[in-house]
Amino acid sequence: MQNDKLKSYISLHLIVFIWGFTAILGALITITADAIVWYRMLLAAAFLFVFILFKKKSFRIPLNSFLKLIFVGFLIAMHWITFFHAIHVSNVSITLSVFSLGAFFASLLEPLFYGRKVLWYEVFFGLIIIAGLGMIMKVEVNYLNGMLYALVSIILGVLFTLMNGKLIKNHDATVISFYEFIAGVFFISIYFLYQNKFTADFFVLSFNNWVLMLILASICTAYAFTASVKVMKKLSPYTVMLTTNLEPVYGIILAYFIIGGKEKMSASFYIGAVIIIITVILNGIIKHKTGNKAVGTTKEAGSADLV
């Protein structure tokens, strides 16, 4: 049991690292945020479709669950659109720093979804993270629009994470992800048809964009998203959400070395980022010393873990 949980933690950190790289790809791909998400979800769904056929898994799913997956797919699409838009109007570092609020929102919403008590230290650490973020916002006011889009994105991310935490109890992670991606493509396509965006130019991408998009759709989406849903069988949504706070660390470091210039921030930004990182570490220590009581409570309420 402990060995399975350790494997889940290791897998989760790999996933979070990949998510940090996802932000870099979003900054490098030169098409609009909604187009990125449309291509990303369509290609990822195609990869998962082939994988499900290869593994001879069943596509069958109860109508009630199917309707929930459609709604979650909509949330995921909006989450990614606002995420990539935040990167385009600000930068990777700003967008990912706002994502640190995910654990705080999860600490408030998870008890509602899983029927457990609010843990004082989860809220306390969440408030410290807000303070660190406040320090960043104070000195990087020019990126306010990007911060607001990122805020909307992380709230949507917490919501679909908590919903997937319930769905994974009864359904295969790959099948869940496949239907959610198809739903996302459906909703975005309706919007594109209404806006007459499906022109000949829409389907013409540069070679560089195609390469980056294939990496984004396969490794950073089809694999990482499905794996993140799967680890929820062993970890709690809050634990996953908190670990996801390391995404800004990985992403900011990668952005600094890969993109450079635009990603160099003020000293106050990095002080705020360090406060957030230390908070994440302290929370992990407390959870370990309390014997994972919070996780145990969540398991009794329904088992599951994700972002």
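Remember, it's a predicted structure, so these values are computed and weren't measured experimentally.

K.L.:
So what's going on with the overall build of the protein chain? Residues and values would help.
P.N.:
If you tally the helices and strands in the protein chain, you get 13 helices and zero strands. In the protein chain, the succession of α and β elements from N to C terminus is α-α-α-α-α-α-α-α-α-α-α-α-α. Counting all 307 residues of the protein chain, 53% fall into the buried class. Considering only contacts in the protein chain between residues 6 or more positions apart, those separated by 24 or more positions represent 90%.

K.L.:
Any chance you could break down the packing of aromatic side chains for me, citing the residues and the numbers?
P.N.:
Counted under the stated rule, the structure contains 26 aromatic pairs. Clustering of aromatic rings is evident, with ring pairs tying together Trp38, Tyr39, Tyr191, Phe192, Phe198, Phe202, Phe203 and Trp210. Its guanidinium or amino end placed over the ring of tryptophan 80, arginine 40 lies 3.8 Å from that ring's centre, counting from NZ or CZ.

K.L.:
Quick one: what's the story with the nonpolar core, residue by residue and with numbers?
P.N.:
Buried together is how nonpolar side chains tend to be arranged in soluble globular proteins. In terms of nonpolar packing, the biggest core is built from 88 residues, with Met41 and Phe84 touching the most fellow members. Examining the composition of this core, we find that 12 residues originate from one element, helix H2 (residues 33–54), more than from any other. Excluding anything up to four places from it in sequence, methionine 41 contacts Gly73, Ile76, Ala77, Trp80, Glu180, Phe181, Gly184, Val185 and Ile188.

K.L.:
Report on helix H5 (residues 102–114), specifying residues and quantitative values.
P.N.:
Given 3.6 residues per turn, any residue in an α-helix points the same way as the ones three and four places further on. The terminal C-alpha atoms of H5 lie 17 Å apart, and with 13 residues this matches the ideal 18 Å at 1.5 Å per residue to within 8%. Glycine 115 lies just past H5 and shows a positive phi near 65°.

K.L.:
Before we move on, could you go through unusual backbone geometry and cite the residues and values that matter?
P.N.:
The backbone of lysine 56 shows a phi angle near 55°, a positive value even though the residue is not glycine. Residue position: lysine 56 is located in the loop between H2 and helix H3 (63–89). For asparagine 196, which is not a glycine, the phi torsion comes out positive at approximately 55°. Residue placement: asparagine 196 occurs in the loop between helix H8 (173–194) and helix H9 (207–230).

K.L.:
Explain a nonpolar patch on the surface residue by residue, including any values.
P.N.:
Residues Leu28, Ile253, Tyr256, Phe257, Ile258 and Tyr270 make up a contiguous nonpolar surface patch of roughly 580 Å² in combined accessible area. By the secondary structure assignment, tyrosine 270 is in helix H12 (residues 267–289).

K.L.:
Before we move on, could you go through the packing of H3 against helix H7 (residues 144–167) and cite the residues and values that matter?
P.N.:
At a minimum axis distance of 8 Å, the contact between H3 and H7 shows a crossing angle of 155°. As judged from the angle between their axes, H3 and H7 are roughly antiparallel. Where H3 crosses over H7, the handedness of that crossing is left-handed. Broken down by class, the residue content of the contact of H3 with H7 amounts to 18 nonpolar, eight polar and one charged.

Reading the values: rules and limits
Residues numbered from 1 in each chain as written. Predicted model: local features only at pLDDT ≥ 70, side-chain atom pairs only at ≥ 80, totals over all residues. Heavy atoms only, no water. Helix = DSSP H or I, 4+ residues; strand = E, 2+ residues; numbered from the N terminus. Buried < 20%, exposed > 50% of the residue type's maximum accessible area, 1.4 Å probe, protein only. Contact = heavy atoms within 4.5 Å. Phe/Tyr/Trp six-rings, centres within 6.5 Å; stacked < 30°, edge-to-face > 60°. Lys NZ or Arg CZ within 6 Å of the ring centre and 35° of its normal. Core = buried A, V, L, I, M, F, W, Y, C linked by side-chain atoms within 4.5 Å. Expected span 1.5 Å × (residues − 1). Patch = residues over 30% accessible without salt bridge, like charges linked within 9 Å, V, L, I, M, F, W, Y side chains within 5 Å. Areas by Shrake-Rupley, 256 points an atom, 1.4 Å probe, with all protein chains shown as cover. Salt bridge = Lys/Arg side-chain N within 4 Å of Asp/Glu carboxyl O. Axes fitted to C-alpha atoms, helices over the stretch in contact; angles between N-to-C directions. Parallel < 35°, antiparallel > 145°, perpendicular 65-115°, else oblique. Left-handed = near helix turned anticlockwise from the far one by under 90°. Nonpolar A, V, L, I, M, F, W, Y, C, P; charged D, E, K, R; others polar.

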